[in-house]
Amino acid sequence: MRPLHLAAVAICILLANPSNATAGNPIEYAEQSPKRLVCPGTAEFGVYFSCSIGVGGEVDIFPFDANEGDKIFARMADNSGFQQIAPRVDIFAQGGVAPVCTASSSGIAQINGCEISSDGTYEVRASDGPPFVDTGGYGLYVQRLNQPQNAVEMSLGQSISSTIAGTGDVDSYTFFAQTGDVLWVSMYDTPGSAPLNPAIQLYDPNGELVSSVASSSAAIIDGAVAAMGGKYLVLAMDNGTLNSGTYNLSVHQLNGGTTAIPAAMGQTLVTSFSLEGEVDAFSFAGQANDVVIVRVVDLAGFAELTPNLRLYSPQGVQLGSVTSNNTAEIVSLVLSEEGKYTALVRETGIPDNGSYSFFWQQLNGPSNVIPHTPGVPVAETISPGGEVDTYRFVGEVGQNVFIEMIDMSGFLQLTPLVRVFSPDGVLVAQATDADIASLNLTLGAPGSYSVLATDNLPFPDDTGAYTMQIDADITTGVPETPVARLSAELLPNSPNPFNPRTALRFRTTVAGLATVEIYDSMGRSVRDWTVNATTAGNYEVEWNGRDRQGRVVASGVYRSRLVFRGEDHGTQSLVLVR
């Protein structure tokens, strides 16, 4: 029999000769957290400990007290290496001759929810399975599923980092849920340690298994429904690979949880993963038939994050899931009901931390719209990184619209991206380039169009100024005088970029009076020329990079505009480089 320690007794017997007792490992408490011990005398709920089978046929016995209706979880794992023993774990009523529950395996023996029939003292018995001759160390963990002890208390919406410290170790977590809550529970292996194969089990307040998931890197319970209110239990462990290491655990409510970060329509939020493997939740209010875009952008730099975005209805039903190396977004999704929607954001590559942005907008009725005058550039800024700005214009069928976004920050700081959405929220056109993103489109439906402007390759320092021009002030439908509309055309200037001179060119198909005018990025007139085109043909004027007063203008992007016979005939971009 093992020696006494702190009045707790662990009993060993030999299967080959029950009348003989054998000496085992001395009982001692490890110099670490009380949660993990070295071979105590009794089985304490929620405490992992390690012991050893000292001789062939040895059975180690650990008493515990239980009540009628208790459901007991027990896990025994070989930690001697190379599968030295074949763990067998039994639960007996004290003095009983037959086990109440039993399990055996080559690496891990696990009892899930052994139900206790009456109050009393019970025993967990740990041994080597047939042929009962091997020796070696093992880890043992026992927990009461319906009234767990030594569990870490969590709240919905929380992420926590911890460690599987030994072979067969199990960590217990509890949180409160209400009847009807739709739950997310995830366990991620984090880098920097031996790889884990995460496994999680979710139990209701009565100790009944709700869901069990295991994976090679991320175990996820997505959409489990709480059938009753009360304290729920999560067991986190390694899935039979006998590894130890760090992990992250997150719990969330998917059906309109109050713990999610509230996100205003049309505003960009910047936050970060502070823990590797963390899962964040955002919420917003939606109406039936709203058409939305939801967007998550990595701002950590060098494609540090590979975000996954999942969107859930007010009832906790998943509406979409997108993963990308840089930008994860759900576009033109039609909402089916009124209520609070939940978006979950997580890292799906090697779990990492770092900053990212979150944005959502209603495309068929946006908010936080930037005011502008048709045909006049408006100066704005992308700040913070990943920000999305929203513009709006009203159009008619057949109307020609010119849209242009120009980076004004210098050194190609921004990569402009412009997207146009129809009145019913459908993407109809987009453009992106290293310096200038331009669109010419003909509208196919009447109504209010949404224009979203952002940086297409966001990095932490990718912020800066830009100009946006939306020229929708053109005669709609079939022109009354089609010949006049085609009577002149403004051509690209040459050279472009230029320093200090460039030729502004246009051609006409009829005679008439033409005006060529230069505007700066703020929409201010800089210089103009009047040309009497006496016959059809090609014409040009030279600009020397000075204003009307002969002053040298600054480097930047300018616009040339042609007005011929009193009608607007378009614009061109000019880049002056000093």
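What you are looking at is a predicted structure, and each value in this text was computed from that prediction instead of being measured.

Here is what the cut-offs are and how they apply
Residues numbered from 1 in each chain as written. Predicted model: local features only at pLDDT ≥ 70, side-chain atom pairs only at ≥ 80, totals over all residues. Heavy atoms only, no water. Disulfide = S-S within 2.5 Å. Helix = DSSP H or I, 4+ residues; strand = E, 2+ residues; numbered from the N terminus. Buried < 20%, exposed > 50% of the residue type's maximum accessible area, 1.4 Å probe, protein only. pLDDT = per-residue confidence, 0-100. Contact = heavy atoms within 4.5 Å. Pairing = 2+ DSSP bridges. Axes fitted to C-alpha atoms, helices over the stretch in contact; angles between N-to-C directions. 1 Å grid on protein atoms, 1.4 Å probe; cavity = no way out; pocket = protein on both sides within 12 Å on 5 of 7 lines; lining within 4 Å. Points joined across faces, edges and corners; volume = space filled by probe spheres on them. Core = buried A, V, L, I, M, F, W, Y, C linked by side-chain atoms within 4.5 Å. Salt bridge = Lys/Arg side-chain N within 4 Å of Asp/Glu carboxyl O.

**A short note on the state of the cysteines**
Link 1 in the chain: A complete count under the given rule lists two disulfides for this structure.
Link 2 in the chain: Residue pairing for C39: its cysteine sulfur links by disulfide to C51, the two sulfurs lying 2.2 Å apart. Judged by the sign of its S-S torsion, about 110 degrees, the bond between C39 and C51 is right-handed. With C39 in the loop between strand 2 (36-38) and strand 3 (47-53) and C51 in strand 3, the pair connects residues that are 12 residues apart, well separated along the chain. Neither residue differs from the other here; C39 and C51 are each classed as buried.
Link 3 in the chain: Two residues, C101 and C114, share a disulfide whose sulfurs are 2.1 Å apart. Disulfide C101-C114: torsion about the S-S bond near 90 degrees, hence right-handed. Pair noted here: C101 is in strand 7 (residues 101-104) and C114 is in strand 8 (residues 108-115), with a separation of 13 residues, a long-range link. Judged on exposure class, the residue C101 and its partner C114 are both buried.
Link 4 in the chain: In the protein, the bonded cysteines, taken in the order they occur along the sequence, pair up as 1-2, 3-4.

**Here we look at the confidence of the model for the protein**
For residues with low pLDDT, the predicted coordinates do not support detailed interpretation.
Link 1 in the chain: Of all residues in the protein, 88% attain a pLDDT of 70 or more, and the chain-wide mean is 84.
Link 2 in the chain: Within the model, pLDDT remains below 50 along residues 1-34, and this stretch shows 65 contacts once partners closer than five positions in the same chain are excluded.
Link 3 in the chain: Low pLDDT (under 50) marks residues 474-485, which in the prediction has 14 contacts with non-local residues, meaning those over four places away or in another chain.

**Here's the deal with the sheet that holds strand 12 (residues 158-164)**
Link 1 in the chain: If you walk across this open sheet you meet the four strands as 12-19-14-17, and the pairing is antiparallel. Both edges of this open sheet fall to strand 12 and strand 17 (218-225), since each of them pairs with a single strand only. Within this sheet the neighbouring strands show an average axis-to-axis angle of 15 degrees, counted without direction.

**So, the side chain of T571**
Link 1 in the chain: Relative to the assigned elements, T571 resides in strand 43 (residues 567-576).
Link 2 in the chain: Excluding residues that lie within four positions of it along the chain, T571 makes contacts with F402, Q469, L490, R559, S560 and R561.

**Remarks on empty space enclosed by the protein**
Link 1 in the chain: A complete count under the given rule lists one cavity of 30 Å³ or more for this structure.
Link 2 in the chain: The space that makes up the largest cavity amounts to roughly 50 Å³.
Link 3 in the chain: Surrounding the largest cavity, P377, E404, I406, T467, M468, Q469, D520, S521, V557 and R559 form its lining.
Link 4 in the chain: Counting only elements with at least two residues in the lining of the largest cavity, the list comes to strand 31 (400-407), strand 36 (464-471) and strand 42 (556-564).

**Focus: the sheet that holds strand 16 (residues 209-214)**
Link 1 in the chain: Strand order in the open sheet made by the five strands is 11-13-18-15-16, with mixed pairing throughout. Unpaired on one side and paired on the other, strand 11 (152-153) and strand 16 mark the two borders of the sheet.
Link 2 in the chain: Direction of pairing for strand 13 (residues 170-177) relative to strand 18 (residues 230-238): antiparallel, over a ladder of eight bridges. The residue of strand 18 that forms the bridge with D171 is A236.

**Some details on the pairing of strand 7**
Link 1 in the chain: Going residue by residue along strand 7, you find C101 and A103 tucked away on one face and T102 and S104 left uncovered on the opposite face.
Link 2 in the chain: Inspection of the sheet shows strand 6 (residues 87-93) paired to strand 7 by four bridges, in the antiparallel sense. For V89, the partnering residue across the bridge sits in strand 7 and is A103.

**Topic: the nonpolar core**
Link 1 in the chain: F62, F64, V89, Y138 and L140 are the most contacted members of the largest nonpolar core, which has 29 residues in total.
Link 2 in the chain: Among the secondary structure elements, those contributing two or more residues to this core are strand 3, strand 4 (58-66), strand 5 (71-78), strand 6, strand 7, strand 8, strand 9 (120-128) and strand 10 (136-144).
Link 3 in the chain: No other element matches the four residues that strand 3 contributes to this core.
Link 4 in the chain: Once residues within four sequence positions are removed from consideration, V89 is found in contact with A74, M76, C101, T102, A103, A109, Q110, I111, V124, R125 and L140.
Link 5 in the chain: Ranked by size, the runner-up nonpolar core spans 24 residues in total, among them I370, L443, Y466 and A472.

**What to know about the pattern of salt bridges**
Link 1 in the chain: Taken as a whole, this structure holds 16 salt bridges when the rule is applied.
Link 2 in the chain: Taking the shortest distance from any N to any O, the salt bridge between R559 and E404 comes out at 2.0 Å. Residue R559 is located in strand 42, and its partner E404 is located in strand 31; the two are separated by 155 residues in the primary sequence. With respect to burial, R559 and E404 carry one shared label: buried.
Link 3 in the chain: Note that D471 and R561 form a salt bridge whose closest N and O atoms lie 3.7 Å from each other. Of this pair, D471 sits in strand 36 while R561 sits in strand 42, and the two are 90 residues apart along the sequence.
Link 4 in the chain: On the basis of relative accessibility, which here comes to 11%, the residue R561 falls in the buried class.
Link 5 in the chain: Beyond isolated ion pairs, a larger network of salt bridges with shared partners links R295, E329 and R419.

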